[in-house]
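# Overview (structure and organization)
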Amino acid sequence: KDSLSYSCNLQPHSSYLRWMGLPIGEVSAFVPSSVFLTQMAHVTRAKNSNPVMCLSWTPGGRRLLTGNQEGEFTLWDGINFSFELIMSAHDNSFRCMAWSHNNNYLLTSDAGGNIKYWSPSIAPVQSIDSHNGQPIHALSFSPSDTKFVSCGDDATVRIWDWAQRKEEFELKGHGWDVKTVQWHPRSSVICSGSKDNLVKLWDPRSGLLLSTLYGHKNTVTKVAWNDNGNWLLTASRDQLIKLYDIRAMRELCSLKGHHKEVTSIAWHPLYESVFASGGMDGTLLYWNIGPKGTEEPAARVPFAHDMAIWDMKWHPAGHALATGSNDRQTKFWARNRLGSTIGLDDEDEDEEAAEIHSAEMELGNHVGIVIGRRGATIISMQRATGTKMHVDQVRKVLQIEGTLKQISSVKKRVGALLERVSNDNEQRPGGVGPG
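So, here's what we can say about the structure. (Residues numbered from 1 in each chain as written. Predicted model: local features only at pLDDT ≥ 70, side-chain atom pairs only at ≥ 80, totals over all residues. Heavy atoms only, no water.)

## Digging into the overall build of the protein
The condition that has to hold: For helices the rule is a DSSP run of H or I covering at least 4 residues; for strands it is a run of E covering at least 2, with both sets numbered from the N terminus onward. The criterion used for residue contact is that any of the two residues' heavy atoms lie within 4.5 Å. Only the protein chains shown count as covering a residue, and every accessible area follows the Shrake-Rupley method with a 1.4 Å probe.
Helices and strands together make up the secondary structure of the protein, namely 4 helices and 31 strands. Of all intrachain contacts in the protein linking residues separated by at least 6 positions in sequence, the fraction that spans at least 24 positions is 46%. With an accessible surface of roughly 22,300 Å², the protein has 49% of that area assigned to carbon and sulfur atoms.

## Re the pairing of strand 11 (residues 147-152)
To keep things clear, this is the line we draw: Exposure categories follow from relative accessible area, calculated using a 1.4 Å probe and restricted to protein chains: below 20% of the type maximum is buried, above 50% is exposed, and the middle band is partly exposed. Here, strands pair whenever DSSP counts at least two bridges between them.
For strand 11, the buried fraction is high: 5 of the 6 residues fall into the buried class. By the bridge criterion, 5 bridges tie strand 10 (residues 136-141) to strand 11 in an arrangement that is antiparallel. Each residue of the ladder has a partner; that of Ala138, found in strand 11, is Cys151. Adjacent in sequence and paired antiparallel, strand 10 and strand 11 are bridged by 5 residues, among which Asp145 carries a positive phi angle near 70°. Between strand 11 and strand 12 (residues 156-161), which pair antiparallel one after the other, the connecting turn spans 3 residues, and Ala155 there sits at a positive phi close to 70°.

## Regarding the pairing of strand 28 (residues 330-334)
Among the 5 residues of strand 28, 4 are classified as buried, and the element is accordingly described as predominantly covered. Across 5 bridges, the pairing between strand 1 (residues 39-44) and strand 28 is antiparallel. Each residue of the ladder has a partner; that of Val43, found in strand 28, is Lys331. Direction of pairing for strand 27 (residues 321-325) relative to strand 28: antiparallel, over a ladder of 4 bridges. Within strand 28, the residue paired with Leu321 across the bridge is Trp333. Hairpin connection between strand 27 and strand 28: a loop of 4 residues separates the two successive antiparallel strands, and Arg328 in this loop has a positive phi of roughly 75°.

## Observations regarding the packing of aromatic side chains
Filter applied, for reference: Centre distance within 6.5 Å is the pairing criterion for rings of Phe, Tyr and Trp, where only the six-membered ring of Trp is used; planes under 30 degrees apart are then read as stacked, over 60 as edge-to-face, and the remainder as tilted. A ring is considered to have a charge above it if a Lys NZ or an Arg CZ atom is located within 6 Å of its centre and within 35 degrees of its normal.
Considering all chains together, one arrives at 17 aromatic pairs under this definition. When the centroid spacing of 5.0 Å and the interplanar angle of 80° are considered together, the rings of Phe73 and Trp118 count as edge-to-face. Linking Phe73 in strand 4 (residues 72-77) with Trp118 in strand 8 (residues 114-118), this pair joins segments that are 45 residues apart in sequence. A relative accessible area of 1% means that Phe73 is categorised as buried. Taken together, the ring pairs connect Tyr105, Tyr117, Phe141, Phe148, Trp160 and Trp162 into an aromatic cluster. Over the ring of Trp176 we find Lys195; its NZ or CZ atom is 4.7 Å from the centre of that ring.

## Concerning the side chain of Asn228
Applicable threshold: Side-chain atoms alone can form a polar contact between residues adjacent in sequence; in general such a contact is a pair of N or O atoms within 3.5 Å, and within protein one must be able to donate a hydrogen while the other accepts it.
Tracing the sequence through the fold places Asn228 in the loop between strand 18 (220-225) and strand 19 (231-236). Polar side-chain contacts of Asn228 include one of 2.8 Å to the backbone nitrogen of Asn230. Contact partners of Asn228, with chain neighbours within four places excluded, come to Arg186 and Glu272.

## Notes on the sheet that holds strand 1
Sheet strands pair via backbone hydrogen bonds, and the direction of the pair is either parallel or antiparallel. This is how it is decided: The angle between two axes is taken between their N-to-C directions and runs from 0 to 180 degrees, where each axis is a line fitted to C-alpha atoms and a helix contributes only its stretch in contact.
Here 4 strands make up an open sheet; going across it, the order is 1-28-27-26 and the pairing antiparallel. Bordering the open sheet on either side are strand 1 and strand 26 (309-314), each of which pairs with just one other strand. The sheet shows a mean angle of 20° between the axes of neighbouring strands, direction not considered.

## Digging into the nonpolar core
Inclusion rule: In plain words, nonpolar cores are sets of buried Ala, Val, Leu, Ile, Met, Phe, Trp, Tyr and Cys residues tied together by side-chain atoms within 4.5 Å.
With 16 residues, the main nonpolar core has Ala276, Leu284, Tyr286, Met312, Trp314, Leu321 and Trp333 as its most contacted residues. Among the elements of the structure, strand 23 (274-279), strand 24 (284-288), strand 25 (299-301) and strand 26 are those that each provide at least two residues to this core. If you tally residues by element for this core, the top one is strand 26, at 3 residues. For Leu321, the residues in contact, after removing those within four places along its chain, are Leu37, Ala276, Leu284, Tyr286, Met312, Lys313, Trp314, Lys331, Phe332 and Trp333.

## Regarding the pattern of salt bridges
It is possible for side chains bearing opposite charge to pair when their charged atoms get close. In plain terms, the rule: When a carboxyl oxygen of Asp or Glu lies within 4 Å of a side-chain nitrogen of Lys or Arg, that pair is called a salt bridge.
The full count for this structure, using the stated rule, is 17 salt bridges. Arg247 is paired through a salt bridge with Asp245; the nearest N and O atoms lie 2.9 Å apart. By relative accessible area, Asp245 is classed as buried at 8%. Between Asp311 and Lys313 there is a salt bridge, with the nearest N and O atoms lying 3.1 Å from each other. Where salt bridges share partners, they join Asp154, Arg158, Glu167, Glu170 and Lys172 into one cluster.

Laid out in structure tokens, this is it:
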């Protein structure tokens, strides 16, 4: 009896601990809301700021690398979000950056048809000129990292040998600029999307066209394979996101949630049914399309950025999302604080909350800034918020009609715009306020 109780209480040797898994009952089920990151953790803006065209986490997620319109790399600390480094990388505006699967090399491209190889320490290794000097919008590695694919405004998709740095195939079939391309995560299939509204699937071994998808009615801006290898996500200027099951070559669903063209999409690295999308109007949406999901956005951040979200990347651990925008800012998004409902739909919203109200906001000497050039600023805010807005230039006030929630959002947005203008005037040497 003593020997039996002793043997039952024996602890395994430390070298065998890695083989001990948790009991099934201890493994918690996936909670989708835990990855709807609607709380802005930090916003960064470099001193000589330019629109952020692309970004990527370094291997391991310790730092975030961004590429701007001036062809400069900016390195940010991924933990405390502090600025670390800025360096010149390309002579033209950045367009794309992609890490190899083994994390040994980084590829970047620019608006002048140049592709560069970089080491993990961000040291230049090789430079290639291609696509007849046209912008190269996307790069993607093959599963084995021995090949990579590029696409550009010369209406071609090109396959390259990584080691020899030579072009193997030039895939022609699109009738206009090719805006996006991605290699399948495990198979010899390449997907490309173009300004001709088409999504095409290619065989990289023979260079032959496999199939064409005709789902969109405007430019296809992004394509993204799910890590399961079965789902293909496509985004377009027709404001739609479409999900295809590539095994049956059929459309699973068409997702409507953006009010302007969709400019970026990214699958969650851990949960296969969750992805995020960004729009031309700066809206950030989260979706869950699994068995318990829906075709409506699961969470929404209406004014995540003031302008188009050009690129977004999840942290490798899935707990943070980085977005880069035309408003020159890079933002880090995290999970909501306990009790917060930011971005989440309120099911208990009653009829009183949907009642239309009127409100006014004093603009002072900033009337012209709120109206914008040819009314562009106020028109974009009306579209984004769903409100009716009018500027009384005699009284210098902004008149708003909408629900209380919409009016509050407009006031926050206009307040942030005026504050940013005031700060810019104060920082300008010898600067004075408007008027």
